[in-house]
Amino acid sequence: MSVLCAIPLFLSLCMSVLAFLLKGDKRFEKIGLLGFAGLVVSSGALLYYSAMNGLLILEIGGWRMPYGISMQVDVFSATINFFISILGLCAYMFSLDEIKEKRSRAGYYSAMFTLFAGANGVLLTGDLFNMYVWVEVLVVSSFLLLSMGQNKKQIKGALPYVLLNFLGSMFILSSIGLIYGLTGALNFAQISLLMDGLGIGPSATFGALFLAGFGIKCAIFPLFFWLPESYHRPPAAVSAFFAGVVTKVGVCALFKVYGLLFYKHMEVFQGALIWIGVFTMVSGVIGAVALYDVRRVLSYHIISQIGYMIFGLGLFGAKAWAASIFFIVHNILAKSNLFFIGAEMNRLGGSYNLQKTRGLYNFYPLISLLFFISAFSLTGIPPFSGFWGKLGLVEAGFEANEYLASSFALLVGLLTTYSMVKIWILGFWETPKSEKCRGPKNKYQMKRIVPIFILSMLSLYIGLWPEMLLSLSKQGSEQLLRPKLYQEQILGGVR
Amino acid sequence: MGTLIIKVASKYLIAIILLYSLFMFFRGHNYPGGGFIGGLAAATAWSMYGIVYKASGIIQERLEPSKISAFGLLVILISGVVGLGSHTFFKGVWFKVGPVKLGTPLLFDAGVYLVVFGAVVNIVSYFEESFKWK
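Residues numbered from 1 in each chain as written. Chains lettered and ligands numbered in written order. Predicted model: local features only at pLDDT ≥ 70, side-chain atom pairs only at ≥ 80, totals over all residues. Heavy atoms only, no water.

What about the overall build of chain B?
Right, on to step 1. Of regular secondary structure, chain B possesses 5 helices and 2 strands.
Right, on to step 2. Ordered by position in the sequence, the α and β elements of chain B form the string α-α-α-α-β-β-α.
Right, on to step 3. A total of 134 residues make up chain B; the buried ones form 38% of that total.
Right, on to step 4. Across chain B, the fraction of contacts at a sequence separation of at least 24, relative to all contacts at a separation of at least 6, is 69%.
Right, on to step 5. Total accessible area computed for chain B in this model is approximately 8100 Å², and 73% of it derives from carbon and sulfur atoms. (Helix = DSSP H or I, 4+ residues; strand = E, 2+ residues; numbered from the N terminus. Buried < 20%, exposed > 50% of the residue type's maximum accessible area, 1.4 Å probe, protein only. Contact = heavy atoms within 4.5 Å. Areas by Shrake-Rupley, 256 points an atom, 1.4 Å probe, with all protein chains shown as cover.)

Pasting the structure below:
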């Protein structure tokens with residue numbers, strides 16, 4: 001069954017080539033849908049087998065483990081991979097209606113599948129340099145998606161993103177180079193084994209370099225300013241895809257790297273990570289509270305949610321990491337869905353600006369209900385999915401005696417609620433004044449409402465019945481935090 | 001760049017460079033060389049033809065270079081699937097055709113050759129168009 005490890009990656013690369021050869025062709029629409037459905041199925045199967053067996057390993061090309069490149073799939077990667085492929089399916093459906101022919105002729109779908117291949121590669125690979133290569137694949141195709149409209153505003157937004165990401169890649173690459181120079185290994189398990197014998201110095205250096213590199217990519221505290229500039233400009237499907245895939249993959253890579261490679265000297269990073277997390281949440285949410293453009297509010301919320309994940313990473317313990325994994329999954333679903341709904345608010349109500357789009361509830365109750373579910377999932381109101389993640393994080397924070405940081409997490413939750421309530425009251429709840437009452441102008445579109453519906457229902461499902469995801473994230477975090485077992489499982493036959 | 005000297009010289013040069021690129025491509029299995037360098041050399045010959053005879057537009061229309069790249073990627077992926085018989089991707093499989101041994105690594109390299117060739121020709125022809133080289 002270990003062949004499954006590479007199937008999602010391989011499938012998305014094949015679909016990317018096919019999309020390129022058939023670009024601008026109407027016939028591709030169904031093939032692409034089939035491709036994403038295949039991705040969901042294969043990632044689901046991968047998740048099932050990795051949850052059953054613990055760890056799946058595939059040696060690419062049949063080369064033995066520490067020498068050749070291998071795919072190593074643990075429960076954590078498989079879980080995230082499964083949920084981003086669901087998001088991919090939804091984003092694809094949404095873009096079938098949203099993306100105009102000019103963009104699809106320019107290779108939009110091909111770039112989307114390549115981005116997906118990059119994300120799959122980062123999550124599933126077991127080789128540090130290979131991970132860097134997939135990060136580059138992901139980042140280059142995301143440049144393409146960001147700048148595809150070729151209007152001046154988009155290029156202006158994309159430029160800082162491009163430059164900063166190159167800087168981040170450089171940090172990551174130099175760290176990998178140093179690790180290779182010091183240990184002579186690139187396989188995660190082997191590096192993990194060899195790092196055990198080294199002192200605190202190398203771990204601290206490499207960990208800091210990785211934090212800077214992936215920190216730029218996932219927009220942590222001092223490095224986040226590119227995100228609100230670039231994320232709200234492209235079409236909503238792209239923004240949603242970015243919010244759910246690109247930034248989250250950066251966070252997941254950090255979890256994997258810290259859990260497997262630098263776990264022995266985690267106390268060096270803990271304080272820094274926790275406070276970077278807190279600053280990230282606070283600065284993100286303050287931006288969101290001040291703004292009235294739905295897309296920009298959501299972009300700032302991405303930053304604030306990344307803060308929670310980094311906070312969880314810094315708490316470093318099976319409980320905190322399980323909560324973080326749960327939180328990442330919840331965020332992939334709820335946050336991206338809000339971008340879709342934001343685009344619907346624009347289409348149905350006429351503008352992204354809350355001062356213009358008002359009182360949608362009077363004409364569009366369904367979309368209002370779906371917004372309600374996603375928005376209050378994001379804020380962490382009890383029956384919804386965000387509650388479990390935040391509860392776990394804050395609990396773990398109190399247990400680790402980080403009272404001040406945890407209270408900040410709670411305060412940020414309150415401000416998140418405020419900014420979501422702002423959108424809810426102004427955009428949906430308010431009764432339009434009689435002279436401005438225009439009646440419903442636009443109709444729902446199947447291709448747009450179905451993905452929103454799927455994501456909302458999934459988000460609702462993991463809120464109401466969280467047991468399954470909780471046990472998966474618990475299993476994933478325990479696996480990440482037991483690198484000794486990991487080393488034995490992978491290198492057992494070699495040593 | 002349409003002087004007589006260059007026109008005559010390029011005819012011979014293009015043939016030599018193309019042969020050289022094939023030589024590099026086949027040499028690559030055991031020695032320095034391979035698909036990447038071979039593709040670069042072939043792209044040099046191709047762009048030389050385009051610049052000297054101002055024919056890049058025609059090349060673009062007849063054979064879209066970006067599609068060559070995509071096709072090359074497809075070849076690479078196919079070479080990955082062949083090894084699935086032994087339960088992993090990109091496993092080397094070798095066939096004997098007379099005295100010559102052919103295998104999936106060669107197919108993979110051919111894919112790389114096409115990807116690099118297409119990409120470089122594409123980039124060069126964009127430059128030619130935007131700078132109007134003479």
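Considerations on the pairing of strand S2 (residues 70–73) of chain A
Residues and elements named next belong to chain A.
Right, on to step 1. Neither face of S2 is open: one carries Ser 70 and Gln 72, the other Met 71 and Val 73, and all of them are buried.
Right, on to step 2. Both strand S1 (residues 56–59) and S2 contribute to a ladder of 4 bridges, which runs antiparallel. Residue pairing in the sheet places Leu 58 in a bridge with Met 71 of S2. (Pairing = 2+ DSSP bridges.)

Structural notes on the environment of Val 249 of chain A
All names here are of chain A.
Right, on to step 1. Position of Val 249 among the secondary structure elements: in helix H11 (residues 236–260).
Right, on to step 2. According to the relative accessible area criterion, Val 249 is buried, its value standing at 3%.
Right, on to step 3. Expressed as a C-alpha distance, the spacing of Val 249 and Leu 11, which sit 238 residues apart in the sequence, is 19 Å.
Right, on to step 4. When sequence neighbours within four positions are dropped, the list of residues in contact with Val 249 reads Ala 119, Val 122 and Leu 138.

Some points on the nonpolar core
One broad trend across soluble globular proteins is that nonpolar side chains are buried collectively.
Right, on to step 1. With 184 residues, the main nonpolar core has Phe 262 and Phe 340 of chain A as its most contacted residues.
Right, on to step 2. Among the elements that take part in this core, H11 of chain A stands out by supplying 18 residues, more than any other.
Right, on to step 3. For Phe 340 of chain A, the residues in contact, after removing those within four places along its chain, are Leu 87, Cys 90, Ala 91, Phe 94, Ala 236, Ala 237, Ala 240, Ile 452 and Leu 455 of chain A.
Right, on to step 4. Counting 7 residues, the second-largest nonpolar core is a separate cluster that includes Phe 25, Ala 43, Ile 68 and Tyr 113 of chain B. (Core = buried A, V, L, I, M, F, W, Y, C linked by side-chain atoms within 4.5 Å.)

Here's the deal with the confidence of the model for chain B
Right, on to step 1. Across chain B, pLDDT averages 84, with 90% of residues at or above 70.
Right, on to step 2. Mean pLDDT in chain B bottoms out at helix H3 (residues 56–62) of chain B, which sits at 63, and peaks at helix H1 (residues 4–27) of chain B, which reaches 91. (pLDDT = per-residue confidence, 0-100.)

So, unusual backbone geometry
Right, on to step 1. Located in the positive-phi region is Asn 401 of chain A, a residue other than glycine, with phi close to 60°.
Right, on to step 2. Phi is positive for Phe 90 of chain B, which is not a glycine, with a value near 60°.
Right, on to step 3. Note that Phe 90 of chain B resides in the loop between helix H4 (65–82) and strand S1 (94–97).

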